[in-house]
Each structure stands twice: as C-alpha cells, then as structure tokens.
Amino acid sequence: MKKTVLLICSGGASSGFLAQNIRKAAKKKGLELEVMARGESELNDYKESIDMVLIAPHLSYIQDDIAAELANTNIPFQLIDQMTYGTLNGKKGLDIIVKELGLE
C-alpha cells in the first residue's frame, strides 16, 4: 500500500533533495512511498491525502502549531534531526518514516 509523506520546510531546495533521497532509499527497499517537500503554509492543503508529516529541523519552533493542526487527524509527525537533514541522508529519513508508520 502506497504511503504519502509531507516534508515541511520553509521552501528551501535542500528539503527537495532530501525528499528525493528518501524516495530512492524507499525504492531500493521495495516500498511504495511518495515524499513531497512543501512549505509549512501548505500543510492544510495536503491533510486529506497524507499519511505522515516530517518537519525540517529549522522549523522545530512551529512543531506545536503543527501538532495542533493535526490534532483531529490520525496523521503522525516527526521532527527530522539536524544530522539527517544536513547530510540529506535519505536512508535515515526513510528509517524515521518506516518506524513511525510500521512499514517493516
């Protein structure tokens, strides 16, 4: 079953590269995973179609706002650690998703 993950950032290019690297890592593991990088203002537009939210580390200050926005949904969210984000580590990013969504 295909899962869709929204990677929230402030619209920078690096999150797009990380999303791409996560998709590549998922493909290697045979997982059907869609990862989209979008600005935090777009979260509401995607709530109906996503299974999880990943938050870029530099947006940790809006984590409570995101939690509030997702409160009445079953959508989990995780903050990406600085090392994974900074090195664009798709495998580690995928590990966060796999663990949260129980895809193993």
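Bear in mind that the values here come from a model prediction, so they are computed numbers and not experimental data.

About the cut-offs
- Residues numbered from 1 in each chain as written.
- Predicted model: local features only at pLDDT ≥ 70, side-chain atom pairs only at ≥ 80, totals over all residues.
- Heavy atoms only, no water.
- Core = buried A, V, L, I, M, F, W, Y, C linked by side-chain atoms within 4.5 Å.
- Buried < 20%, exposed > 50% of the residue type's maximum accessible area, 1.4 Å probe, protein only.
- Helix = DSSP H or I, 4+ residues; strand = E, 2+ residues; numbered from the N terminus.
- Contact = heavy atoms within 4.5 Å.
- Pairing = 2+ DSSP bridges.
- Axes fitted to C-alpha atoms, helices over the stretch in contact; angles between N-to-C directions.

### Let's talk about the nonpolar core
For soluble globular proteins, the rule of thumb is that nonpolar side chains tend to be buried together.
So, step 1. In this structure, Ile 22, Leu 33, Leu 54 and Ile 97 are the most contacted members of the largest nonpolar core, which totals 20 residues.
So, step 2. Broken down by secondary-structure element, the contributors of at least two residues to this core are β1 (3–9), α1 (13–28), β2 (33–39), β3 (52–55) and α5 (90–101).
So, step 3. Not counting residues up to four positions away in its chain, the partners in contact with Leu 33 are Lys 3, Val 5, Ile 22, Arg 23, Ala 26, Leu 94 and Ile 97.
So, step 4. Ranked by size, the runner-up nonpolar core spans 13 residues in total, among them Met 36, Tyr 46, Val 53 and Ile 55.

### Observations concerning the side chain of Ser 15
So, step 1. Residue position: Ser 15 is located in helix α1.
So, step 2. The contacts of Ser 15, once residues within four sequence positions are left out, are Leu 7, Cys 9, Ala 37 and Tyr 85.

### Some remarks on the sheet that holds β2
So, step 1. Taken in spatial order, the four strands line up as β2-β1-β3-β4 in an open sheet, and their pairing is parallel. Looking at which strands have only one partner, the edges of the open sheet turn out to be β2 and β4 (77–79). Each strand of the sheet is rotated relative to its neighbour by a mean of 20 degrees, with strand direction disregarded.
So, step 2. By the bridge criterion, seven bridges tie β1 to β2 in an arrangement that is parallel. Residue pairing across strands places Leu 6 opposite Met 36, the latter belonging to β2.
So, step 3. Helix-sheet contacts for α1 involve β1, β2 and β3, and the interaxial angle to β2 is about 175 degrees.
So, step 4. Each of β1, β2, β3 and β4 is contacted by α5, which is oriented at about 145 degrees to β3, the strand it contacts most.

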